[in-house]
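So the chains spell out like this:
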Amino acid sequence: MSKRIKFVSAILLTVSLAASLLTGCTSKSDTSNPSPNTGKTQETKSKPIEISWGIHFAAEGVVNDSEVQKWLEQKFNVKIKPVKVTDASIASGEVPDIFMLGDPANVIAYQNQGVLMSIDQNMLKEKMPEYYTDIEKKKELFQTVTVNNELWAIPMFIDLKPYDLATLWRKDWLDKVGINKVPETLDEYEKAIYAFAQKDPDGNGVKDTYGLTGTATSTWSSGFYSIFGAFGVEPTMWMERDGQIVNGSIMPETKEALAKLRQWYADGVIDPEFITDTQDSYRKKLYNNRIGVIEEQIAKGALPESPVIAEMKSLNPDAELAFSKNPKGPGGDGSWDWGIKSNFIVIGNKVKDQPEKLAKLFEILQAQSNDEETINMTSLGVKGTQWDFVESGATSGATKFLPGFEKQEQRDQLGIRLFSFGNITTQAYRDKYSDPKLNEAIKTYSSAPRWTDALLFSVLPSDGKYKQDLTSLMQKYFAQIISGEIPLSDFDKFVTEWKAKGGEELTKEANEMYQAQFKK
Ligand SMILES: [Ca+2]
């Protein structure tokens, strides 16, 4: 259990690091003096507009008059009242002028309560033209927050995801067993893992190697993502088939993938520890000559300087690794994909009678989207004090926080993040403030967005009641089927049980949500 918790927090950390990389930025002006460039002289300033501003929902609580708040007030000639948004505060009528929500379901719930202002897409296009060009390419995100043909939130997006998974091979093992080409198809993949298990790739004369292992008890799915992906499914994911929403845990293709994995296990190709292994433990097995291929995050394995490559070099200097795409099988190629959805920005309903305030909010949004100085200040703080580029002396690329500001709570005290909308930044901006070599690698190796959750991982009304138990049920059955404890035909028993224990109800809700919000 502790292993699992550690694994999950590692994933969350990776995701949040990735998110912060995506929002990374700098200032084009002299950052030794963090006074904002207001573009206005004191004389022309009118009375500041008051804005009640819902702070970032992940932040513990309000910090009044923080550095960033004062900076924003000066730059935009506003007076900010930072507020912590909760369901209770909204229910009591305290609706901020602007705030952020994490899920389309939250947006729809507040829209139902009548506390939101609808957003004019033409205004979005006019006031935030660069961002609109980017988000227009991801129209499905608009659909998720459209009710009665009106838009109720500004969607934000995640595009290139460094945590997407692809395949990392022991290249020296492939050479050793006589395979000169890094496998691309599932058949080639299968040949290679059988050779790893049977042909003594480490050359010690002992049968002590396997092809691969899995993460069968990860919290959200089944592991073996690229193998299920090669059959066109991902367990637990909602997938669209001929206009219907079905669950990846119970599809016929899922059974086919299980048949394949079960065969591999029976033939000694899958490590028997696949049930308890984690990404951490299977990396160690790759380093220690026990397995020959893993599913790895692109940011961790694709580049010569990537951490897993570097670790391998230090622990096992003679080993050679090769990164490749996910194997292509009868259902295409794919892996677990968290999708493009990010958070949503909403505007309080009272703003609709205050055109000056609305204009000011869009001025701020445009700056948070496309003005380096503003994005920098709200998400990273001051260059050279709170953050810098990873590469010393660089003027673009990945960023890092400096000592004293590495923890979120240290930055929150200055207001960094509290007023940041995160992924409202333009694609051009993200490209500039992330590692171009890594971006190229993601484009090369990721299977995304071949398929992701058809509901973009929206929360269903009865998820709380059933989802976790259904995931555990799937994991138990799949582990037993793969390891041969129960026959493959028990998959059908599992499907019946899954449906009876809440799966049928969730499928109904998933289809209703799809019809209402997602249907193309
Ligand atoms: Ca051996």
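From a predicted model like this one, the values you see are computed outputs, not experimental measurements.

Enquirer: Could you clarify how one ought to interpret the overall build of the protein in this entry?
Expert: What the protein contains, in helices and strands, is 21 helices and 14 strands. For the protein, the C-alpha radius of gyration of 25 Å lies close to 24 Å, the compact-globule estimate for 520 residues. Considering only C-alpha atoms, the protein reaches an extent of 85 × 55 × 35 Å along its principal axes. Burial status across the protein gives 45% buried among its 520 residues. Looking at the protein alone, contacts between residues at least 24 apart form 78% of all its contacts between residues at least 6 apart.

Enquirer: In this structure, what is going on with the environment of Trp 169? I would like to understand it.
Expert: Here Trp 169 is to be found in strand β7 (residues 165–170). For Trp 169, a count of 25 C-beta atoms within 10 Å corresponds to the buried category. On a C-alpha basis, the gap between Trp 169 and Glu 320 in space is 8.4 Å, while along the polypeptide they are 151 residues apart. Leave out the neighbours within four places in its chain, and Trp 169 touches Leu 174, Val 182, Gly 292, Val 293, Leu 321, Ala 322 and Ser 324.

Enquirer: Got a minute to help me understand the domain arrangement of the protein in this structure?
Expert: Reports often express the size of an interface as the amount of accessible area lost when the parts come together. Taken domain by domain, the protein holds domain 1 (38–157 + 342–424) and domain 2 (165–337 + 450–518). Centre-to-centre separation of domain 1 and domain 2, based on C-alpha positions: 38 Å. With 6 residues of domain 1 at the interface, the matching set in domain 2 holds 5 residues. Mapped onto the side of domain 1 that touches domain 2, the elements with two or more residues apiece are α4 (104–112) and α7 (140–144). Examining the composition of the side of domain 1 that touches domain 2, we find that 3 residues originate from one element, α7, more than from any other. Among the residues making up the side of domain 1 that touches domain 2, the classes are represented as 2 nonpolar, 2 polar and 2 charged.

Enquirer: Would you explain the nonpolar core in this entry?
Expert: Across soluble globular proteins, nonpolar side chains have a tendency to be buried as a group. In this structure, Ile 193 and Leu 261 are the most contacted members of the largest nonpolar core, which totals 72 residues. Discounting chain neighbours no more than four positions away, the residues touching Ile 193 are Gly 211, Leu 212, Trp 264, Val 269, Gly 292 and Val 293. Residues Ile 108, Ile 135, Trp 387 and Ile 424 belong to the second largest nonpolar core, which totals 51 residues.

Enquirer: Would you explain the packing of helix α11 (residues 252–266) against helix α20 (residues 463–482) in this entry?
Expert: For any two helices packed against each other, the geometry comes down to the angle between their axes and how far apart the axes lie. α20 packs onto α11 with a crossing angle of 50 degrees between their chain directions and a minimal axis gap of 8 Å. Taken together, α11 and α20 sit at an angle that is classed as oblique. Contact with α11, carried on its side by Leu 258, Leu 261, Arg 262 and Tyr 265, involves Phe 478, Ile 481 and Ile 482 of α20 and no other residues of that element. Residue composition of the contact of α11 with α20, by class: 6 nonpolar, no polar and 1 charged.

Enquirer: Could you clarify how one ought to interpret the sheet that holds β7 in this entry?
Expert: Two modes of strand pairing occur in sheets, parallel and antiparallel, and in both the strands are linked by backbone hydrogen bonds. Strand order across the open sheet formed by 3 strands is β10-β7-β11, with antiparallel pairing between neighbours. The open sheet has two edge strands, β10 (293–297) and β11 (321–324), and neither has a second partner. Across the sheet, the mean angle from the axis of one strand to that of its neighbour is 35 degrees, orientation sign disregarded. Summarising the sheet, β7 and β10 pair through 5 bridges and their orientation is antiparallel.

Enquirer: Looking at this structure, I do not really get α11. What am I missing?
Expert: For an α-helix, 3.6 residues make a turn, and residues three or four places apart therefore share a direction. Between its first and last C-alpha, α11 extends 21 Å over 15 residues, near the 21 Å set by a 1.5 Å rise per residue. For α11, the set of buried residues is Thr 254, Glu 256, Ala 257, Leu 258, Lys 260, Leu 261, Arg 262 and Trp 264. Looking at the packing, one finds that the buried side of α11 touches α9 (186–198), α10 (225–230), α20 and α21 (490–518). Positive backbone phi, at 75 degrees, marks Gly 268, one or two positions downstream of α11.

Enquirer: Can you walk me through the pairing of strand β1 (residues 49–54) in this structure?
Expert: Residues in a regular strand point their side chains to alternate faces of the sheet. Direction of pairing for β1 relative to strand β2 (residues 78–83): parallel, over a ladder of 6 bridges. Paired with Glu 50 across the bridge in β2 is Lys 79. Handedness of the crossover joining β1 and β2 through helix α2 (residues 67–76): right-handed.

Enquirer: Explain α4 here, please?
Expert: Taken together, the buried positions of α4 are occupied by Pro 104, Asn 106, Val 107, Ile 108, Tyr 110 and Gln 111. On its buried face, α4 sits against α3 (87–91), β3 (98–101), α7, β4 (146–147), β12 (341–347) and α21. In the segment just after α4, Gly 114 is the residue with positive phi, at about 75 degrees.

Enquirer: Can you help me understand unusual backbone geometry in this one?
Expert: Comment: phi is negative for the bulk of residues other than glycine, and the bulk of peptide bonds are trans. Residue Pro 449 follows Ala 448 across a cis peptide bond; omega there is -5 degrees. With respect to the secondary-structure elements, Pro 449 resides in the loop between α19 (436–445) and α20. A positive phi angle, near 50 degrees, is found at Asp 65, a position not held by glycine. Note that Asp 65 resides in the loop between β1 and α2. In this structure Asp 65 comes out as exposed when scored by C-beta crowding, with 10 C-beta atoms within 10 Å. Phi at Asn 289 is positive, roughly 60 degrees, even though this residue is not glycine. Inspection of the secondary structure assignment puts Asn 289 in the loop between α12 (279–287) and β10.

What counts as what
Residues numbered from 1 in each chain as written. Predicted model: local features only at pLDDT ≥ 70, side-chain atom pairs only at ≥ 80, totals over all residues. Helix = DSSP H or I, 4+ residues; strand = E, 2+ residues; numbered from the N terminus. Rg over C-alpha atoms; globule rule 2.2 N^0.38 Å. Buried ≥ 20, exposed ≤ 12 C-beta atoms within 10 Å, placed from the backbone. Contact = placed C-beta atoms within 7 Å. Domains from an automatic or database assignment. Nonpolar A, V, L, I, M, F, W, Y, C, P; charged D, E, K, R; others polar. Core = buried A, V, L, I, M, F, W, Y, C linked by C-beta atoms within 7 Å. Axes fitted to C-alpha atoms, helices over the stretch in contact; angles between N-to-C directions. Parallel < 35°, antiparallel > 145°, perpendicular 65-115°, else oblique. Pairing = 2+ DSSP bridges. Expected span 1.5 Å × (residues − 1). Right-handed = clockwise from strand over helix to strand, strands pointing away.

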